[in-house]
Amino acid sequence: MRTEWINHAALTRPQEGGMSRRSFMKAGAIAGGGLVLGFFVPGANKFARAADAAKPLAAPNAFLRIAPDNTISVMVNRLEFGQGVNTALPMLIAEDLDADWSQMRGELAPAGDSFKDPVFGMQMTGGSGSVAHSFVQYREIGARARLMLIGAAAEQWKLKPEQLTTAKGYVIGPTGQRASYGSLADAAMKQPVPATVVLKDAKDFRIIGKPTPRIDARAKSSGKQQFGMDFKLPDTKVAVVARPPVFGARVAKFDAGKARAIKGVIEVLEVPTDRGGRGVVVIADGYWQAKQGREALAIEWDTSAVEKVSSAKQMADYKALAKTAGTSAKKADISQLAGAAKKISAVYEFPYLAHAPMEPLNCTVDLKADSCTLYVGSQFQTVDQGAAAATAGLKPEQVTLNTLMAGGGFGRRAVPSSDYVIEAVNVAKAYRAAGKSGPVKVIWSREDDIKGGYYRPAYVHRADIGLDAKGKILAWDHAIVGQSIITGTPFEPFMVKDGVDATTIEGMGEPYDVPLNLSVHNAKANVPVLWWRSVGSTHTAFVMETLIDEAAHAARMDPVAYRKQLMGDKHKRHLAALDLAVEKSGYGKRKLPKGRAYGVALHESFSSVVAYVVEASVTKGVPKLHKVTAGIHCNQAVNPMTIEAQVQGAILMALGTTLPGAAITLKDGVVEQQNFSDYTVARMPDMPQVAVHIVPSSDAPTGMGEPGLPPLAPAFANALFTLTGKRLRKLPFDLAAA
Amino acid sequence: MVTLNINGRDTQVDADPSTPILWALRDNLNMTGTKFGCGAALCGACTVHLNGAAIRSCITPISAAAGQKITTIEAMETDKVGKAVQDAWVRHDVPQCGYCQSGQVMSATALLRTNKAPSDADIDGAMSGNICRCGTYQRIRAAIKDAAKTLA
């Protein structure tokens, strides 16, 4: 998630790294000893608690611990859910600490003030910002610890710090003295924290920029990695919730008799659910008993007070709205549209999309009279901690949120309304109110996940483009219809500007010099919506890059040459990414076998630029994507091995949105899909061969968790146009109907 | 009480016979390496071996497994083929979020037990029931071929 404004802030302030408001601190005496560095956050005196906690690796505010056993643990202030931050942030510290990679470990940080994103001002994982926003912050921690270790060795050896160097986890003296960081850690703790440090020059990097295997690869290949779903305190009970069939509906009456009769079922209780709704929770010894209990419930729902959306009508309404001008987002002169020699008129349709991470949502709550402890794979620790406190009737400091590793998320675990966390706390409250005690884990089934809302919104775009006889774009009138993701959330003051939700329009027009007159209708509907990997660019990139391709054909120009002409020389990173993809793919040089065609698309999101040249074919009406050559510009690549994985993954996820059945639809307010049987995601045979090429750069890094997604579907569609002459304007693709 | 043979050991499970193997493993035996993804044999995250063949433990009741050999991800480190697959997974840096990978490793191991040099089509056939939302398929394909080589 991002807005253009937040993103610009990120671009203009990367060197601050949040240091200006914070001081580096040594943590208090920590059990186990060693050097522990963290931040002091003015006004949040948690260090007293850190000293008392006696949990060395979970000490609040600690970022780095060098233990006497020579392991170096890095507190990762993000959710690790596949994007590799649990490896990337230790890489950053290891670089300027001059540690050996083999001694590095990653730990996910609990909710805490010092773990807030320096740019966003809250603890969260999103906006492809984990590495970009931490690049300076984490390296400075490593650099400070290195100087303290040198200081300790200098004292021991009675030398001056300037005489000492470091390499791979050792301080080295002028006559060959060597001391490991672990052996110096206790002494280093007594050194003052340096006020200023100089970071390494990019030419001296040993770790940053080197393909580095994930720290967690072995644990994740052997079933040993613990996820939120696997977490269990003694005597934890499992809860499943029967949620209303229409969002926000309520329980008229229910009969729990048959559910209570199932062995292992402990409680059946009515509980508040999201959007003012009411549901029924079944709490049991295990998931299977709870699920059996839920199936045995007889519930009569009252849906009278809530809007019941039907997708067919909604799309028709959206299309009608799109014909009219909405709230202006970008203004341009469109007077030449009517008399233009050539015209392109297009209407695009995008469905709701579920995130469907492989690990279904879950949240363990240990609620007591004066405390609430959460164990959850949250992308939004600060927001979820506050929401849990408000729901439990406690102060935020009485709520501990422990971040557990998550099996994917793609945005679904970053919910401004904290839907699943609040629900879990409400379940724990009801359980306590029923006279029970002990932790409760709410588990969502896959059906709960698919039907549970918080979708990428459905959108309609309408474009009317006027071109001159040579194909130059004279006027471009454009309207977008869709629900606002941001309105009504705490992000509204920053991300809704002049009545326009930034996530509805981000990516429109860019990077081309075109006279785009853009307006927006932010429609309302009783369907919860949310950011979904790459947010607004999931739809704007498709529209932009297929229309530019169409304009290139109208101009009878090569689509790559046409794009370059429209960009001019102002967009050097775009040009570099595009040129790299074109060169490596053989586009324009290598003739493809009969029945195959190239397709090209280019898009910037989260300040990174991705260009794709794809190869596709159509067999018996079925499109197939064979090959993708990627040109990436993300400035300094921190871990090229992860970037390659993120690009492969984003391609696969985007490809999934083109496949038949990749849509969430509603009828009379009820979501029509249930599971992977009727909500399509991409599988092994769909995977194209992907080659990732990164433009070399040592500028401050930009994120790569999301930017690989947007240009894939349009590149594929452009190739399918070359093969079939059909312009696909609806997702998922339907060649027969196009 | 149902007696299950899990990873070579007879184990008593105090659960209703209709309980899926998945939940007996996870909730009764605290063996959480086998994952819950869909509950309907649609995603493969829960894949285990029953008498050496890959099955979906989320829909297979324990009553159907009594007296037969259940093998889970926890036993793969000491299994020649399973270990080769895991090592290849690490060499190719396969996992992203990692949640589906227990099931992927179990399906790949079952494949390599019966097919020592799988083609792309063989891999598609054996692995298409295992969903990975992170998109690790390209590395999975490479890792399976690499594991096959190390076992040859």
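Residues numbered from 1 in each chain as written. Chains lettered and ligands numbered in written order. Predicted model: local features only at pLDDT ≥ 70, side-chain atom pairs only at ≥ 80, totals over all residues.

Peer 1: Break down the overall build of chain A for me, citing the residues and quoting the values.
Peer 2: Assigned secondary structure in chain A consists of 19 helices and 30 strands. Expressed along its principal axes, the backbone C-alpha trace of chain A runs to roughly 85 × 70 × 45 Å. Here chain A, with 738 residues, has 58% of them falling under the buried criterion. For chain A, long-range pairs separated by at least 24 residues make up 77% of all intrachain contacts whose partners lie at least 6 apart in sequence. (Helix = DSSP H or I, 4+ residues; strand = E, 2+ residues; numbered from the N terminus. Buried ≥ 20, exposed ≤ 12 C-beta atoms within 10 Å, placed from the backbone. Contact = placed C-beta atoms within 7 Å.)

Peer 1: Give me the overall build of chain B: which residues, what numbers.
Peer 2: The helix and strand inventory of chain B stands at 5 helices and 5 strands. Each helix (α) and strand (β) of chain B, taken in turn from the N terminus, gives the series β-β-α-β-β-β-α-α-α-α. Across its three principal directions, the C-alpha atoms of chain B cover 45 × 30 × 25 Å. Looking at chain B residue by residue over its 152 residues, the buried ones come to 60%.

Peer 1: Tell me about helix H1 (residues 21–28) of chain B, and please be specific about residues and values.
Peer 2: Within H1 of chain B, 8 of the 8 residues are buried, leaving the element largely enclosed by the surrounding structure. The inward-facing, buried residues of H1 of chain B contact helix H8 (287–295) of chain A together with strand S1 (2–6), strand S2 (9–13), strand S3 (47–50) and strand S5 (69–71) of chain B. Backbone geometry just downstream of H1 of chain B places Asn30 of chain B in the positive-phi region, at approximately 55°.

Peer 1: How would you sum up the domain arrangement of chain A? Please name residues and give values.
Peer 2: A common way to express how large an interface is: the accessible area buried when the components associate. All names here are of chain A. Along its sequence, chain A is organised into domain 1 (4–208), domain 2 (228–305 + 361–443) and domain 3 (311–352 + 455–724). Each partner contributes to the interface: domain 1 provides 21 residues, whereas domain 3 provides 20 residues. Where the side of domain 1 that touches domain 3 is concerned, the elements lending two or more residues are helix H1 (4–12) and helix H3 (85–97). The element that contributes the greatest number of residues to the side of domain 1 that touches domain 3 is H1, accounting for 5 residues. Its residues assigned to classes, the side of domain 1 that touches domain 3 comprises 12 nonpolar, 8 polar and 1 charged. (Domains from an automatic or database assignment. Nonpolar A, V, L, I, M, F, W, Y, C, P; charged D, E, K, R; others polar.)

Peer 1: Any details on the pairing of strand S25 (residues 596–605) of chain A? Residues and values, ideally.
Peer 2: All names here are of chain A. Within S25, 8 of the 10 residues are buried, which leaves the element mostly enclosed by the surrounding structure. With 10 bridges joining them, S25 and strand S26 (residues 608–619) adopt antiparallel strand pairing. Paired with Leu602 across the two strands is Ala611, which belongs to S26. Hairpin connection, S25 to S26: the antiparallel pair is bridged by 2 residues, and Phe606 has positive phi, about 50°. (Pairing = 2+ DSSP bridges.)

Peer 1: Help me get a handle on the interface of chain A and chain B, residues and values and all.
Peer 2: With 46 residues of chain A at the interface, the matching set in chain B holds 44 residues. When contributions to the side of chain A that touches chain B are tallied by element, the ones reaching two or more residues are helix H6 (217–221), H8 and helix H18 (640–656) of chain A. With 7 residues, H18 of chain A is the single largest residue contributor to the side of chain A that touches chain B. A class-by-class count of the residues in the side of chain A that touches chain B yields 23 nonpolar, 13 polar and 10 charged.

Peer 1: I'd love a proper account of the sheet that holds strand S14 (residues 327–330) of chain A, names of residues and values included.
Peer 2: Residues and elements named next belong to chain A. Read across the open sheet, the 5 strands follow the order S14-S24-S21-S20-S15; overall the sheet is mixed. Taken across any chain shown, the strands that pair with only one partner, and hence form the sheet edges, are S14 and strand S15 (342–350). Each adjacent strand pair in this sheet contributes to an overall mean axis angle of 15°, direction not counted. Sheet topology places strand S20 (residues 459–467) next to strand S21 (residues 473–483); 9 bridges connect them, and they run antiparallel. (Axes fitted to C-alpha atoms, helices over the stretch in contact; angles between N-to-C directions.)

Peer 1: How would you explain the environment of Gly588 of chain A if you had to name every residue and give the values?
Peer 2: Along the polypeptide, Gly588 of chain A turns up in the loop between helix H17 (572–585) and S25. Residues Gly588 of chain A and Asp558 of chain A, 30 residues apart in the sequence, show an inter-C-alpha distance of 9.2 Å.

Peer 1: Any chance you could break down the packing of helix H2 (residues 80–91) of chain B against helix H3 (residues 101–114) of chain B for me, citing the residues and the numbers?
Peer 2: All names here are of chain B. Between H2 and H3, whose axes approach to 9 Å, the crossing angle comes to 125°. Judged by the angle between their axes, H2 and H3 are oblique. H2 and H3 meet at a crossing whose hand is right-handed. Only Gln101, Val105, Ala108, Thr109, Leu112 and Arg113 of H3 make contact with H2, whose side of the interface consists of Val81, Gly82, Val85, Gln86 and Trp89. Within the contact of H2 with H3, the residues separate by chemical class into 6 nonpolar, 4 polar and 1 charged. (Parallel < 35°, antiparallel > 145°, perpendicular 65-115°, else oblique. Left-handed = near helix turned anticlockwise from the far one by under 90°.)

Peer 1: Talk me through the sheet that holds strand S9 (residues 237–242) of chain A; I want residue IDs and the actual numbers.
Peer 2: By way of backbone hydrogen bonds, the strands of a sheet pair with one another, either parallel or antiparallel. Residues and elements named next belong to chain A. If you trace the 7 strands from one edge of the open sheet to the other, you get S11-S12-S9-S19-S16-S17-S18, paired in mixed fashion. The sheet terminates laterally at strand S11 (265–272) and strand S18 (399–403), the two strands that pair on one side only. Going across the sheet, the axis of each strand differs from the next one's by a mean of 25°, ignoring polarity. When strand S16 (residues 362–367) meets strand S19 (residues 440–443), the two strands line up antiparallel, connected through 4 bridges. Residue Asn362 lies in a different strand from S19, and its bridge partner there is Ile443.

Peer 1: Hey, could you go over the packing of helix H10 (residues 381–392) of chain A against helix H11 (residues 419–433) of chain A for me, with residue numbers and the actual values?
Peer 2: All names here are of chain A. Orientation of H10 relative to H11, taken along the N-to-C sense of each, is 30°, at an axis distance of 9 Å. With respect to each other, H10 and H11 are oriented roughly parallel. In the crossing of H10 with H11, the sense of the turn from one axis to the other is right-handed. The segment H10 lies against H11, with Asp384, Ala387, Ala388, Thr391 and Ala392 engaging Val421, Ile422, Val425, Asn426 and Lys429. Taken together, the residues of the contact of H10 with H11 break down into 6 nonpolar, 2 polar and 2 charged.

Peer 1: Tell me about the environment of Arg91 of chain B, residues and numbers included.
Peer 2: Residues and elements named next belong to chain B. With respect to the helices, strands and loops of the structure, Arg91 is situated in helix H2. By C-beta crowding, Arg91 is classed as partly exposed, having 16 other C-beta atoms within 10 Å. Through-space distance from the C-alpha of Arg91 to that of Ala143 is 7.8 Å; in sequence the pair is 52 residues apart.

Peer 1: A description of the pairing of S19 of chain A should follow, citing residues and the corresponding values.
Peer 2: Residues and elements named next belong to chain A. Neither face of S19 is open: one carries Val440 and Val442, the other Lys441 and Ile443, and all of them are buried. Bridge count for S9 against S19 is 3 bridges, and the pairing is parallel. Paired with Val238 across the bridge in S19 is Lys441.

Peer 1: Tell me about the domain arrangement of chain B, and name the residues and values.
Peer 2: Residues and elements named next belong to chain B. Each domain of chain B was delimited in the assignment, giving domain 1 (2–75) and domain 2 (76–151). Once you take the C-alpha centre of each, domain 1 and domain 2 turn out to be 20 Å apart. Where the side of domain 1 that touches domain 2 is concerned, the elements lending two or more residues are S3 and strand S4 (53–56). When residues in the side of domain 1 that touches domain 2 are grouped by element, the largest group, 3 residues, is from S3. The residue makeup of the side of domain 1 that touches domain 2, split by class, is 8 nonpolar, 7 polar and 1 charged.

Peer 1: Tell me about the nonpolar core, and name the residues and values.
Peer 2: Here is a general trend for soluble globular proteins: nonpolar side chains tend to be buried in one another's company. Of all hydrophobic cores here, the largest spans 284 residues; its most connected members are Ala239 and Tyr612 of chain A. Counting residues per element, this core draws most heavily on helix H4 (residues 135–157) of chain A, which supplies 12 residues. (Core = buried A, V, L, I, M, F, W, Y, C linked by C-beta atoms within 7 Å.)

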